[in-house]
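Topology and contacts: notes
Listed below, chain by chain, are the residues.
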Amino acid sequence: MRAFLKEIARDLYTFFTSITLAIVLISLIALLALLGTLIPQETFTREVDYIARYGVEGYNTLKKLQLTNIFGSWYFLFLMALFTLNLAACTHKRLMASWRYWKLPMGFIRPEDLKRFEHSYAISGSVCSDASPKIREVLQRHGYRVREHNSQILAEKWRWERFGIDVFHISLVIVIFGGLVTMLFGYRTFAIAHQGDVLRLPGADFAVRVNRFWSENYKNSERVMDWRTELTVIENDKEILTKTIEVNAPLRYKGYNFYQSAFGTDWQGAARVTLALFRADGTALGEFVGTVDDGFAVPSENIFVKIGAFLPDFALTENLIAYSRTQRLENPAVFVEIYDAQGFRLMRTWAFSRPEMQRFWETTMARVGGETPYRIKLVGMTAPEFTGLQITKDPGRPIVYFGFLFVIVGLLVHMYFKHRQIWVHISENEIVIAGMVRNNLKSFAEEFRRLVREIERLQIVTHPESELVV
Amino acid sequence: MRYLSVLFFYLSTVSYFVTFVFYLLYVVLGSSQRERRLGETLGIVAAGVSEGLSQIAWGVWATRALLVSIAISTIGVIARAIELGNASQWVKIVLLPLSTTYETLTFFSWLIPLIYFVMERKFQIKQVGVFVTGAAFVMLSVAASPSLAPSAPTGVPASLQSYWLTIHVLFMVIGIAFFTSGFGATLVYLWRRYEKKLFLLFGALLGALATIIFIVVPLFGTLQFEKMLASGALLAALCAGFGWLLLFVHREGQPVAWERLENIEEMVYRCNALGFPFYAIGGLVFGGIWAEQAWSRYWGWDPKETAMLVTALVYAVYLHARLTWGARDPGWRGGLVAWLSVLGYLAVLYAWIGINYFVASLHSFV
């Protein structure tokens, strides 16, 4: 039984350490991610926009296949989990190999073997007695660590670079882990705040007050330069600090972060509208003012007019759900319900400020639902400005940053350093120089040539020909 | 002309076109020149026979013209940086003009040839210059049309007012510039490997891409289950078909002459391997840090982010495939490594330009 389990474990290890598996998984993840760029994802798309784009049926299909949330779908997460396992296993395997490589000492190599190296050079002639220290000095000047073994100089540098790619792979796992920590233990919310609001956060022992917010334009221009919000942190009824946040400059306090994330007019939440009321026969009843989710009474008629919703840019989906296409005041519409004194609803309708929309709506409604007791027109609207704050708590942040740091270090080490080794064999009538670089880096040839030239220039070899002449 | 930079970019457009022509002449006439030189040394052709145009050392002139073009672009980029700084009242130290389509295009037309110039000095494969200068010329031409890329400098929007604009975008741009040189080298490599059969392969690739864009994607977009299934099957069939074609060409082809391929393959690998750290670090790390500062999260599966990830993944596959299968594989695997480099560059183009036409994204300013 134990042998059986061992065999399974070995098979699993072989399976997860294969680079082919890595290539297949990366390709599948890339393919799904590509799909995720083509289909808008629900984290930044409203349901109504999906329906407007794909229709109800299409939207349901997408949802059933989890294509509106690919990156949270079970199949994507499954692939990611497999990939993480694969990455971890490969890292383990590579790390073992790197460790063996690290431990493998540079050893003596016979000169005739050195001559067969790709980077190899021999200087023949009678060699001075002080050749060895001179050559060692040259190599040391080039950053090599030098030792001597059986009259052979063994020099090397950057042996540690072998671990660069391991560091990179481990850091990737760390970054994924940090993201997971944020996802599981973090907290994120979006708050729409008006002047003077005090924001309280669950689990936080402080509150934040919105003092004021404003936007600045570029000089002589309509272009917005920045949006700013002044926040004050209040702890135990004491003001701790005040900071003006702007886009790209959040407030960070006790692990919480406050970002300037939106700015605008709060049409949908707090619009204040002016409505003109008419009886069905055309008698004007006057103009009235009310806010969203509230309304006003018309004493002369003994009715209450409730303002249900305000949409700055009215549109309808295929299945006749009203929504606001944008947050700009393009096609403002207000949803109104009229109740009598007993609380019985007399009618409900949309009222528009664009006359052609109003006409279209009234004629359509008249055809479908018949006469209504009142007619309503939207004649004016205002809304308070708001600042939108993204608030997060991000416990994974240090882990992710740590991972980021070593992603950079690991990748740079792997890409720009390669372990170099030089053997110099000195005998009485010959110096053999041979070099080796990991991954057969081409640019090593240049360094090798330079080294050889410098060693030749030491003039530690006297040529036998010249001796003969003398 | 209201802006000095615009003038210089117009000049460099002309200059890059001239450079492009020089490189083209080098490729077309240079080969006969090389043959003639070979003939002279062998004594077949009498030395000193004038052949007019092909007498000129086009390669040398092309490199000189390239340097002139880069110099003109450099002035343009510097002028643009100052104009942008003035327009945005020096809110933050906005070092690099990289905030609009016009600026990124003109910046690219400076950086891509610059990086190519460095690689050309190292590898001396001037055929790549045709693609690189051609690309620079096309970019500048697009930038010159006001409807596609308005040239007047405007204040930098609030979301871009950060030092990370410079760091993040600079890294991405350097990465893309290396990939562009790498892609140019891949084209030369593929030409040397397949010669006239490359037309067949590229024709098939273009056909497959067109089928994907015009049939597979819309079929999937109908969102009816059967049609989505059919679109998936079609995609698989296309991949299989191209794979089969590749296998066929490799089996029928001449044995590969390594001495013609080795150097250019090395250039492809160097460019991609140098570009990858810039692209991956600039996108994943610096992009992540900036996104956390501006949008409150490192990673949000925003379409542009995701497309960048896809690109980085394709190049990661390229690097791993080259590592495991080796560049010297004479069979289809060695060829596949080169095709992965092509796929990588297609992904670059998608992440850089294509994505802007598909989905609204937080990155919609470039």
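Residues numbered from 1 in each chain as written. Chains lettered and ligands numbered in written order. Predicted model: local features only at pLDDT ≥ 70, side-chain atom pairs only at ≥ 80, totals over all residues. Heavy atoms only, no water.

Attention shifts here to the overall build of chain A. Across its full length, chain A carries 12 helices and 24 strands. In terms of C-alpha radius of gyration, chain A reaches 38 Å, well past the compact-globule figure of 23 Å for 470 residues. Structurally, chain A occupies a C-alpha span of about 130 × 60 × 45 Å along its principal axes. Across the 470 residues of chain A, 44% fall into the buried class. Across chain A, the 55 positively charged side chains and the 49 negatively charged ones have centroids separated by 5 Å. (Helix = DSSP H or I, 4+ residues; strand = E, 2+ residues; numbered from the N terminus. Rg over C-alpha atoms; globule rule 2.2 N^0.38 Å. Buried < 20%, exposed > 50% of the residue type's maximum accessible area, 1.4 Å probe, protein only. Lys, Arg positive; Asp, Glu negative; His and termini not counted. Charge placed at Lys NZ, Arg CZ, Asp CG, Glu CD.)

Residues and elements named next belong to chain B. The domain boundaries assigned to chain B delineate domain 1 (1–156) and domain 2 (159–195 + 254–366). Of the residues lining the interface, 27 residues belong to domain 1; the matching set on domain 2 comes to 31 residues. In terms of surface lost to domain 2, no three residues of domain 1 exceed Phe108, Phe123 and Phe131, which account for 22% of the buried area on that side. For the pair domain 1 and domain 2, the interface holds zero salt bridges. Our enumeration of links across domain 1 and domain 2 arrives at one residue pair in polar contact (both at pLDDT 80 or more). Among the secondary structure elements, those contributing two or more residues to the side of domain 1 that touches domain 2 are helix H3 (101–123) and helix H4 (128–144). Considering each element in turn, the side of domain 1 that touches domain 2 owes the most residues, 11 residues, to H3. Taken together, the residues of the side of domain 1 that touches domain 2 break down into 21 nonpolar, five polar and one charged. (Domains from an automatic or database assignment. Contact = heavy atoms within 4.5 Å. Buried area = accessible area lost by both parts, 1.4 Å probe. Salt bridge = Lys/Arg side-chain N within 4 Å of Asp/Glu carboxyl O. Polar contact = N/O pair within 3.5 Å; in protein donor to acceptor, adjacent residues only side chain to side chain. Nonpolar A, V, L, I, M, F, W, Y, C, P; charged D, E, K, R; others polar.)

Attention now moves to the side chain of Thr106 of chain B. Among the secondary structure elements, Thr106 of chain B is positioned in helix H3. The residues contacting Thr106 of chain B, other than those within four sequence positions of it, are Phe9, Val77, Leu140 and Ala143 of chain B.

Attention now moves to the sheet that holds strand S12 (residues 272–279) of chain A. Residue and element names in this part refer to chain A. Overall, antiparallel pairing links the three strands, which are arranged S13-S12-S20 in an open sheet. On the outer flanks of this sheet lie strand S13 (284–291) and strand S20 (374–382), each paired with one strand and no other. Here the strands of the sheet are splayed against their neighbours by 25° on average, with no regard to which way each runs. Pairing of S12 with S20, which is carried by eight bridges, proceeds in the antiparallel orientation. Looking at the pairing, Arg279 lines up with Tyr374 of S20. (Pairing = 2+ DSSP bridges. Axes fitted to C-alpha atoms, helices over the stretch in contact; angles between N-to-C directions.)

Residue and element names in this part refer to chain A. As judged from the three bridges shared by strand S10 (residues 251–253) and strand S11 (residues 256–265), these two strands associate in the antiparallel manner. Bridging across to S11, Arg252 finds its partner in Asn257. Bridge count between S11 and strand S21 (residues 385–393): nine bridges; the pairing is antiparallel. Considered in S21, the bridge of Asn257 is made with Thr392.

Looking at chain A, the domain boundaries give domain 1 (2–101), domain 2 (111–158 + 418–469), domain 3 (172–263 + 387–408) and domain 4 (269–383). Look at where the C-alpha atoms of domain 1 of chain A and domain 2 of chain A centre, and you get two points 51 Å apart.

A cluster of basic side chains, namely Arg449, Arg450, Arg453 and Arg457 of chain A, defines a positive patch on the protein surface. Mapped onto the elements, Arg457 of chain A comes out in helix H11 (residues 444–457). (Patch = residues over 30% accessible without salt bridge, like charges linked within 9 Å, V, L, I, M, F, W, Y side chains within 5 Å. Areas by Shrake-Rupley, 256 points an atom, 1.4 Å probe, with all protein chains shown as cover.)

Here we take up helix H2 (residues 58–87) of chain B. The α-helix advances 3.6 residues per turn, and as a result positions three or four apart in sequence lie on the same side. Taking 1.5 Å of rise per residue, 30 residues should cover 44 Å, and H2 of chain B covers 42 Å from first to last C-alpha, within 8% of that figure. A positive phi of about 50° marks Gln89 of chain B, the residue just after H2 of chain B. (Expected span 1.5 Å × (residues − 1).)

To continue, consider the sheet that holds strand S1 (residues 119–124) of chain A. Residues and elements named next belong to chain A. The five strands are arranged S1-S23-S22-S4-S3 in an open sheet whose pairing can be described as antiparallel. Every other strand in the sheet has two partners, leaving S1 and strand S3 (145–149) as the edge strands with one partner each. When the angles between neighbouring strand axes are averaged without regard to direction, this sheet yields 15°. With six bridges joining them, strand S4 (residues 152–157) and strand S22 (residues 420–426) adopt antiparallel strand pairing. Note that in S22 the partner of Ile153 across the bridge is Val424.

The next point concerns the pattern of salt bridges. All names here are of chain A. Tallied over the full model, the rule gives 32 salt bridges over all chains. Arg209 is the partner of Glu239 in a salt bridge, and the nearest nitrogen-oxygen pair spans 3.1 Å. Of this pair, Glu239 sits in strand S9 (residues 238–246) while Arg209 is found in strand S7 (residues 207–217), placing the two residues 30 residues apart along the sequence. On the accessibility criterion, Glu239 (52% relative accessible area) is exposed.

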